[in-house]
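# A look at the structure
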Amino acid sequence: MSTSTSLSTRLADIDERRLLLLATFVPLVTFFIVVWAVPILYALGMSLFTDPTGASVFVGLENYAEILTAPDFLTFLWNSVVYAVSTTVFSLLLGLALALVVNQQIKGGNVLRTMMIFPYLLPTLVVIFIWQFLFDPNLGVINQWLLDFGVIDEPIAFFSTLQWAMPAVAITSVWKFGSFAFFILLARLQAIDPNLYERARVEGASSWQSFRDITIPHLRGAILIILLVRGIWMFNKFDIIYLATRGGPLDATTTLPIRVYELAFNEVNFGGATALAGIMFFLLAMVAVVYFRLFTPEEEVAA
Amino acid sequence: MMALGEGAAGSYVPQRVQARVKRVSLVVVAVLVAIFVTIPVYVMVAVAVQAPQTVFAGGDVNLLVDSVTFRNFAVLFEETATVQYFTNSLIVTVSSTILSTSLAVAAGYGLTRFDFRGKTMAARAVLFSYMFSPIVLAIPLYVIFFTLGMLNSYFALTLALTGISAPFTIWLMWQYFQTVPISLEESAWVRGASRTRTLWDVVLPVARPGYVSAAIFSFAVAWNDYTMARVVMSQDEMYTITVGASLFLDRVSIGWGETMAVSLLICIPPFLIALFLQNYLLQGFNVGGLE
C-alpha cells in the first residue's frame, strides 16, 4: 500500500482512482492465479497422466476409473462420511447443550464461555498429544478410570484398536471443534427478542411449547449452516486424523483426504492422488451448489 | 434434551418442582461440559510441569501437582531442535500473517469500493476456496515447488499457508469495509484529501477491528498448520514446530513429560492472543464462520 502512496504522489496527474483500482486488484488476482488457479489446473492436468514427475504417459480418465473401481474406495468414502457426520452431529449437540445453558445466565456462564474457546485455540498437534496421552493403554487416565469403575477388564489402546479408532478420533475432533457450533448458536440465541417468550407465557404456553415454537425456529438457519459448513470441513479434515492414527489400524480411519496423502507420498502415485483430489473437488462442488441455493452468502457482500 | 429444551424457553415455569428440576439439570450439563472441556488441558499442564518419576510414580498417573519442575523443558532445549523449529514456525507464521492481511485489506477495499461485472462469481469463488481441503491444494503445490526447486523454503511455505488463510481474510475484510460508510471518505475528498490519503487516514483506522481479526485468523491458521509444512518442508532443520514435535513420540529419549512440555510451549502464542485480543476474536466470530 505504501508503494501506491508514493507512486500516486509522483504521478499526481494520472487518474488516482485507476491507480488505486490497480493496487487493490493486481495483488488479489496475481495471488489467486499463483496459489489457487495454477495448482488446481495443474492437478487436473496431472490426474490425466501416469507418474507425472517421471516419463509421463497420457492415460485420459484411467486414473479416475482406477480410483473409483478400487475395492477400497467405498470403504474410504464410508469412513469419510461416518467421520464427517458423527463429528458434525455431536459438535452440534454439544454446542447446542452448552449454548442453551450459557444463555440461561446461570452462575459461571461466562467462565464456561471462555473455557469453550480453549480447545479451539489449541493447535491440532497439541490436541492429538493430549488425547493420545488420555487414551494411552498404560499411562492414560481414561483407561485407569474405566478399570477403577469396573467398566473394562483390561486397558484398551483406543487409537490402535479396530473398532475404537474411529470413535476415539471422533471424540478428539468433537472436543476441539464443539465450540464452533457453540459460538454460532449462542450468538443466535442472544439475538432472540425476550418479549416473544413473555407473550408466549402470557398466552399460557408451556416452556416446552415456547422452546419448540420460538427457540427452534430461530436456530434453524444456524443449525443448517453448522451442518453444512462444519460437515464440509470435517469431510475434508486431514491433519487431526493423520496425526492421531495415520489412517490406521488397517484402514479403519482412512478417509479420502488421508488416502490422497497416501497415494501421493507413500505410493508416489500423483496421477491417482490428483484424480482422487479431483473426485473430492467434484463432491465439494456439488455440496457448494446446494449451499449457494440455500443461502446467498454473496448478498452479504453487496454485489 | 427435554429438560434442556425447557430451560431454553425462559425462566417462566409455573411449578416450583419443574423449576428446580430445570435448575439442577442445567447445572449438571454445565458441570459435565466443564469437566469434558477442562480436564484434558489440565492434564497437559500437570504432566508438563512435573518430573516423569513424580507423575508416573507407582504405576498410576498422579495428576495432583505438588512439585513443579522445569526439567521437561530443559530436556527439550538440550536434546531436541525445538528452538530451531520454533524459529521456523515464527518466521513463516509472521510472514504469512502479514501477506494474508495486507492482501485482504487491499482486496477487501477494492471489492467494496469499485464495481465490476462478475462480483457475485468472485464472492462465490472466495467462499468455495475457503471450503477446500488443504491436502488437496498441497499435492499440486508440492509438485510445482518441487519442479521449481522451491521445496524447503520459507517463501514456499509462506505462500502455501497464505493460500489457506487468504480466502477467509479476504471475505472478512470485504464484509468489514461495507460497515465503513462511504460518506466518511466523501467528506474527506470534499476537503481536498486524495483518495490514497483518505484510505490511509480515514478508512484504515476505522477498519482496524476488521484487519486485526484477519491477522489473528491468519496467525492461527499458520501457527496451527501441520499439513502444508509436512508436505513443503522435508529437511529436518526446516521443520516447523508442529512437524518437528510430531516426531518426538517416535524417539526413545522423549517421553510424555517432554511431549506435554512442547505442547505447552506451542500453546503460548494462541493463549497470548486470546488473553489480549479476545474482543477482536469475538468480532471475528460474528462476521463469519471461523475455521
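Residues numbered from 1 in each chain as written. Chains lettered and ligands numbered in written order. Predicted model: local features only at pLDDT ≥ 70, side-chain atom pairs only at ≥ 80, totals over all residues. Heavy atoms only, no water.

Our next topic: the overall build of chain A. Each helix and strand in chain A was counted, giving 13 helices and 2 strands. Computed over C-alpha atoms, the radius of gyration of chain A comes to 25 Å, more than 25% over the 19 Å expected from 2.2 N^0.38 for 303 residues, which places it beyond the range of a compact globule. Along the three orthogonal principal directions, the C-alpha set of chain A runs to about 65 × 65 × 35 Å. Across chain A, contacts joining residues at least 24 apart in sequence account for 63% of those joining residues at least 6 apart. As displayed, chain A has an accessible area near 13,800 Å², and 64% of this comes from carbon and sulfur atoms. Taking the 16 positively charged and 22 negatively charged side chains of chain A as two groups, their mean positions are separated by 12 Å. (Helix = DSSP H or I, 4+ residues; strand = E, 2+ residues; numbered from the N terminus. Rg over C-alpha atoms; globule rule 2.2 N^0.38 Å. Contact = heavy atoms within 4.5 Å. Areas by Shrake-Rupley, 256 points an atom, 1.4 Å probe, with all protein chains shown as cover. Lys, Arg positive; Asp, Glu negative; His and termini not counted. Charge placed at Lys NZ, Arg CZ, Asp CG, Glu CD.)

A tally of regular secondary structure across chain B gives 14 helices and 0 strands. For chain B, the α and β elements follow one another from N to C terminus as α-α-α-α-α-α-α-α-α-α-α-α-α-α. Whereas a compact globule of 291 residues would reach a radius of gyration of roughly 19 Å, chain B reaches 24 Å, over 25% beyond that. Considering only C-alpha atoms, chain B reaches an extent of 75 × 70 × 35 Å along its principal axes. Each of the 291 residues in chain B was classed as buried or not, and the buried ones make up 56%. Expressed as a percentage of contacts within chain B between residues at least 6 apart in sequence, the contacts between residues at least 24 apart total 72%. Of the roughly 12,200 Å² that chain B leaves accessible, carbon and sulfur atoms contribute 65%. Charged side chains in chain B number 15 positive and 15 negative. The centres of these two groups are separated by 17 Å. (Buried < 20%, exposed > 50% of the residue type's maximum accessible area, 1.4 Å probe, protein only.)

In this section: the nonpolar core. Among the nonpolar cores identified, the biggest contains 195 residues, and Trp131 and Leu185 of chain A together with Ile170 of chain B are the most heavily contacted of them. When residues no more than four places from it in sequence are discounted, the contact partners of leucine 185 of chain A are Leu92, Gly95, Leu96, Ala99, Leu219, Ala222, Ile223 and Ile226 of chain A. (Core = buried A, V, L, I, M, F, W, Y, C linked by side-chain atoms within 4.5 Å.)

Turning next to helix H9 (residues 194-202) of chain A. Between the side-chain oxygen at the start of H9 of chain A and the backbone nitrogen of asparagine 195 of chain A there is a gap of 3.0 Å, and the oxygen is on aspartate 193 of chain A. Looking one or two residues past H9 of chain A, glycine 204 of chain A carries a phi angle of roughly 85 degrees, positive in sign. (Polar contact = N/O pair within 3.5 Å; in protein donor to acceptor, adjacent residues only side chain to side chain.)

This brings us to the confidence of the model for chain B. Residue and element names in this part refer to chain B. Per-residue confidence for chain B gives a mean pLDDT of 85; residues scoring 70 or more make up 91%. When pLDDT is averaged over each element of chain B, helix H12 (residues 227-232) comes out on top at 96 and helix H1 (residues 2-8) at the bottom at 42. Low pLDDT, under 50, characterises residues 1-11; the stretch is placed with 28 contacts to residues that sit more than four places away or in other chains. Here the predicted complex carries an ipTM of 0.87, next to a pTM of 0.88. (pLDDT = per-residue confidence, 0-100.)

What follows deals with the packing of aromatic side chains. In total, this model carries 38 aromatic pairs over all chains according to the counting rule given. Pairing phenylalanine 281 of chain A with phenylalanine 132 of chain B gives two aromatic rings, centres 5.5 Å apart and planes at 70 degrees, and the pair type is edge-to-face. Taken together, the positions of phenylalanine 281 of chain A in helix H13 (residues 270-294) and phenylalanine 132 of chain B in the loop between helix H6 (119-130) and helix H7 (134-147) put the pair across two chains. Classification of phenylalanine 281 of chain A as partly exposed rests on a relative accessible area of 27%. Counting every residue linked through ring pairs, the aromatic cluster contains Phe238, Tyr242, Tyr261, Phe265 and Phe270 of chain A together with Tyr142, Phe146 and Tyr226 of chain B. Over the aromatic face of tyrosine 120 of chain A sits the side chain of lysine 176 of chain A, whose NZ or CZ is 5.9 Å from the ring centroid. Taking NZ or CZ as reference, arginine 230 of chain A lies 4.9 Å from the ring centre of phenylalanine 180 of chain A, over its face. (Phe/Tyr/Trp six-rings, centres within 6.5 Å; stacked < 30°, edge-to-face > 60°. Lys NZ or Arg CZ within 6 Å of the ring centre and 35° of its normal.)

Below, the discussion takes up a nonpolar patch on the surface. Nonpolar side chains collect at one region of the surface, where Trp78, Val81, Val85, Val89, Phe90, Leu93 and Leu227 of chain A lie side by side and expose about 640 Å² of accessible area between them. The class of tryptophan 78 of chain A is exposed, set by a relative accessible area of 58%. (Patch = residues over 30% accessible without salt bridge, like charges linked within 9 Å, V, L, I, M, F, W, Y side chains within 5 Å. Salt bridge = Lys/Arg side-chain N within 4 Å of Asp/Glu carboxyl O.)

As a working rule, side chains carrying opposite charge can pair if their charged atoms are close by. All names here are of chain A. Enumeration over the complete set of coordinates arrives at 7 salt bridges over all chains. The residue arginine 201 makes a salt bridge to glutamate 198 at a minimum N-O spacing of 3.2 Å. Of the two residues, arginine 201 and glutamate 198 are both situated in helix H9; the distance of 3 residues between them amounts to about one turn of the helix. Across the pair arginine 259 and glutamate 267 runs a salt bridge, and its minimum N-O distance is 3.0 Å. With a relative accessible area of 42%, glutamate 267 lands in the partly exposed category. The network of salt bridges with shared partners includes Arg259, Glu262 and Glu267.

With that out of the way, let us pick up the interface of chain A and chain B. You'll often see interface size given as the accessible area lost when the parts meet. Each side of the interface is counted separately: chain A has 105 residues, and chain B has 107 residues. At the boundary of chain A and chain B, one finds 0 salt bridges. In this structure, the connection of chain A to chain B is made through 8 residue pairs in polar contact (both at pLDDT 80 or more). Take the side of chain A that touches chain B: its biggest share by element is 19 residues, from helix H2 (residues 16-46) of chain A. Across the side of chain A that touches chain B, the residue classes break down as 77 nonpolar, 15 polar and 13 charged. (Nonpolar A, V, L, I, M, F, W, Y, C, P; charged D, E, K, R; others polar.)

Okay, unusual backbone geometry next. Across the chain, the bulk of peptide bonds are trans and the bulk of non-glycine residues have phi less than zero. Residues and elements named next belong to chain A. Cis peptide bonds are those with omega within 30 degrees of zero, and the linkage from glycine 248 to proline 249 qualifies with -5 degrees. Inspection of the secondary structure assignment puts proline 249 in the loop between helix H11 (239-245) and helix H12 (256-266). With a phi close to 60 degrees, arginine 246 is a non-glycine residue in the positive phi region. The topology assignment puts arginine 246 in the loop between H11 and H12. Although it is not a glycine, leucine 250 adopts a positive phi angle of roughly 50 degrees. Relative to the helices and strands, leucine 250 resides in the loop between H11 and H12. The exposure class assigned to leucine 250 is exposed, which follows from its relative accessible area of 72%.

Among the 11 residues that make up H12 of chain A, 9 are buried, leaving the element largely enclosed by the rest of the structure. Within the span of H12 of chain A, buried status applies to Leu256, Pro257, Ile258, Arg259, Val260, Tyr261, Glu262, Leu263 and Ala264 of chain A.

Quick look at the packing of helix H3 (residues 62-69) of chain A against H13 of chain A now. Packed helix pairs are specified by the crossing angle of their axes together with the interaxial distance, meaning the distance between the axes. All names here are of chain A. Contact geometry for H3 and H13: axes closest at 9 Å, N-to-C directions at 75 degrees. Taken as axis vectors, H3 and H13 run roughly perpendicular relative to one another. In contact with Asn63, Tyr64, Ile67 and Leu68 of H3, H13 contributes Gly271, Gly272, Thr274, Ala275, Leu276, Gly278 and Ile279. The class makeup of the residues in the contact of H3 with H13 is 6 nonpolar, 5 polar and no charged. (Axes fitted to C-alpha atoms, helices over the stretch in contact; angles between N-to-C directions. Parallel < 35°, antiparallel > 145°, perpendicular 65-115°, else oblique.)

Structurally, glutamine 132 of chain A can be placed in helix H6 (residues 124-134). Looking at glutamine 132 of chain A, the relative accessible area reads 19%, which means it is buried. Not counting residues up to four positions away in its chain, the partners in contact with glutamine 132 of chain A are Phe159, Leu243 and Ala244 of chain A together with Leu249 and Trp256 of chain B.

What follows concerns the environment of tyrosine 176 of chain B. Within the secondary structure, tyrosine 176 of chain B sits in helix H8 (residues 154-178). Placed 32 residues apart in sequence, tyrosine 176 of chain B and arginine 208 of chain B show a C-alpha to C-alpha distance of 9.5 Å.

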